[in-house]
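Structural overview
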Amino acid sequence: MDQIAKARRWYAEDLRCKTPILRNPHIVEAFGAVPREPFVGPGPWWIIPYPYREPFITPDDDPRWLYHDVLVSIDPSRKLNNGMPSVWARNFEHLDIARGERVLQIGAGSGYYSAVLAEIVGPAGQVTAVEVDPALADRARINLESWPQVQVIPGDGRNVNATASEHDVVIVFAGCTHPAPQWLDGLADNGRLLLPLTSDDWYGFLLRVVRRGASFEASSIGGVSIFPCTNGRDEDASRRLKSALVNSPMMNVAIQALHRGIPLSAESERVWYQTPGFWLERQESVVEATTHQPADGNNDTA
């Protein structure tokens, strides 16, 4: 057990450097505290190395295989895995999760990252972990019995009653074409939402939203490939998103705000992406560069 604990600590420190984790040391401590093996089932394990190279099955069931920055498959037939630790460590860092905060997690899976989040917010915090797959939700509930600050709720995270209460952080672990209204309604002032916005090929970008009173700041924190969200997809929106992303190299999307409803005709030039119920506003500099071009498109001044 000492060797496994040492391996887990090495893994957490490796994530500190690789991610890197610079602002929130509680993230490092959380990854160092939570054993991964109960959440991925008994070994040997199906491992998918980064960056998504040829998968392999571990030659034995030594838990030290799990303490590397790799995907561990939960159900290969569904392409369902435990998630890349450095990716979620980076996401948690971008959300500035503080001790005592209330976190809503959509897509708990078997509960590993629910436990990590529980360690980050500490005993005074709260994690509401929602999972649509009943078998996985039951598995998460058993796995998370050691963390009393976690409540596991089976059901659709876009509709479940957990979204009726207020949260400091909403983090979605599956790809959507649009946020659920309840996620925005339930954000506390200065609350943060992290949502993978993805098209039908599972690719897209990580949308970070911060509530400022009645307004919502928005930014992209990079590209993502992720399992799709149940009931979180719209075919027309998926096509529009894929088209919008064509001109966004490395998924560095030039946006500045999220708006609810339908844009006015006067706002049409500011729309980067739109789907029923919300739209994303381009950064001001991008709009100005577009609208201030000469009619013939020539910037030369002879």
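The shown structure was predicted, so the numbers you read here are calculated from the model rather than taken from an experiment. Each chain carries its own residue numbering, running from 1 in the direction its sequence is written. Restriction of local features to residues with pLDDT of at least 70 applies here, the model being predicted, together with a cutoff of 80 or more for giving and counting side-chain atom pairs; totals for whole chains, interfaces and linings are based on all residues. The basis for every side-chain value is the complete set of heavy atoms in the structure, and neither hydrogens nor water enter the calculation.

What counts as a helix is a DSSP run of H or I of at least four residues, what counts as a strand is a run of E of at least two, and both are numbered from the N terminus. Note that Glu93 resides in helix H4 (residues 85-95). Burial classes follow relative accessibility: with a 1.4 Å probe on protein chains only, a residue under 20% of its type's maximum area counts as buried, one over 50% as exposed, and anything between as partly exposed. In this tally, Asp and Glu contribute negative charge and Lys and Arg positive charge; neither His nor the terminal groups of the chain are included. Each reported salt bridge corresponds to a side-chain nitrogen of Lys or Arg within 4 Å of a carboxyl oxygen of Asp or Glu. Arg23 provides the closest opposite charge to the buried, salt-bridge-free Glu93, at an N-O distance of 4.3 Å. We call two residues in contact whenever any of their non-hydrogen atoms come within 4.5 Å of each other. Sequence-distant contacts of Glu93, defined by excluding residues within four places in its chain, comprise Pro20, Ile21, Leu22, Arg23, Asn24 and Ile27.

Residue Pro20 is reached from Thr19 by a cis peptide bond, and omega for that bond is -15 degrees. Summarising the element assignment, Pro20 is placed in the loop between helix H1 (2-18) and helix H2 (25-33). Omega for the bond connecting Gly43 with Pro44 falls within 30 degrees of zero, at 0 degrees, which places this linkage in the cis form. Along the chain, the position of Pro44 falls in the loop between helix H3 (37-40) and strand S1 (46-48). For Asp96, which is not a glycine, the phi torsion comes out positive at approximately 50 degrees.

Another point: the packing of aromatic side chains. In summary, the pairing rule links any two rings of Phe, Tyr or Trp, Trp by its six-membered ring, whose centres are within 6.5 Å, and it sorts them by plane angle into stacked for under 30 degrees, edge-to-face for over 60 and tilted for everything else. Counted under the stated rule, the structure contains 17 aromatic pairs. Centroid distance Tyr112 to Tyr113: 4.8 Å. Interplanar angle 70 degrees. Geometry classified as edge-to-face. Judged by relative accessible area, which is 1%, Tyr112 ranks as buried. Residue Tyr113 is classed as buried on the basis of its relative accessible area of 4%. An aromatic cluster is present here, built from Tyr11, Phe31, Phe39, Tyr67, Trp88, Phe92, Tyr112, Tyr113, Trp147 and Phe173 joined pairwise through their rings. It is Arg36 that lies over the ring of Tyr112; its NZ or CZ is 5.6 Å from the centre. To sit over a ring, a charge needs its Lys NZ or Arg CZ within 6 Å of the ring centre and within 35 degrees of the ring normal. The ring of Trp183 carries Arg158 above its face, with NZ or CZ at 5.1 Å from the centroid.

Successive residues of a regular strand alternate their side chains across the two faces of the sheet. For two strands to pair, DSSP has to find at least two bridges joining them. Here S1 pairs with strand S3 (residues 71-75) via two bridges, running antiparallel. Within S3, the residue paired with Ile47 across the bridge is Val72. Pairing between S3 and strand S4 (residues 80-81): two bridges, direction antiparallel. By the bridge assignment for S4, Asp75 is matched with Leu80. Where S3 folds back onto S4 in an antiparallel hairpin, the turn is made up of four residues, including Lys79, whose phi is positive at roughly 55 degrees.

Our next topic: the nonpolar core. Nine residue types can take part in a nonpolar core, namely buried Ala, Val, Leu, Ile, Met, Phe, Trp, Tyr and Cys, and a core is a set of them joined through side-chain atoms within 4.5 Å. Residues Phe31, Phe92, Ile97 and Ile171 are the most contacted members of the largest nonpolar core, which totals 43 residues. Only H1, H2, H4, helix H5 (112-121), strand S6 (126-131), strand S7 (150-154), strand S8 (167-172) and strand S11 (215-225) provide two or more residues apiece to this core. With eight residues, the single largest contributor to this core is H5. In this structure, Ala180, Leu197, Ala244 and Phe278 belong to the second largest nonpolar core, which totals 34 residues.

Next up on the list: helix H8 (residues 235-245). An α-helix turns once every 3.6 residues. As a result, residues three or four positions apart point the same way. Along H8, the positions that sit buried rather than exposed are Ala237, Ser238, Leu241, Ala244 and Leu245. On an axial view of H8, the arc spanned by its buried residues comes to 125 degrees, and they lie on one face. In H8, the exposed residues that point more than 90 degrees away from the buried face are Glu235 and Arg239. Identification of polar contacts relies on pairs of N or O atoms within 3.5 Å, with a donor-acceptor requirement for protein atoms, meaning one able to donate a hydrogen and the other able to accept it, and with residues adjacent in sequence counted only if both atoms are side-chain atoms. The distance from a side-chain oxygen at the start of H8 to the backbone nitrogen of Asp236 is 3.2 Å, and the residue carrying that oxygen is Asp234. What the arc covers is the set of directions going from the helix axis to the C-beta atoms.

Turning next to the state of the cysteines. Joining two cysteines, a disulfide is a covalent bond between their sulfur atoms. By definition, disulfides here are pairs of cysteine sulfur atoms that lie within 2.5 Å. For the structure on display, the rule yields zero disulfides. The thiol sulfur of Cys176 is not disulfide-bonded, and the nearest other cysteine sulfur, from Cys229, lies at 3.6 Å.

Take Glu267: it is sitting in the loop between strand S12 (255-260) and strand S13 (271-275). Its relative accessible area of 26% is what places Glu267 among the partly exposed residues. Each C-alpha atom of the pair Glu267 and Glu281 lies 8.9 Å from the other, and the pair is 14 residues apart in sequence. At 2.8 Å, the side chain of Glu267 forms a polar contact with the backbone nitrogen of Leu264.

Per the counting criterion, the structure on display carries 19 salt bridges. Lys18 is the partner of Asp14 in a salt bridge, and the nearest nitrogen-oxygen pair spans 3.7 Å. Here the residue Asp14 and the residue Lys18 both occupy positions in helix H1, the gap between them amounting to four residues, near one helical turn. Of the residues examined, Asp14 reaches a relative accessible area of 22% and is grouped as partly exposed. On the basis of relative accessibility, which here comes to 45%, the residue Lys18 falls in the partly exposed class.

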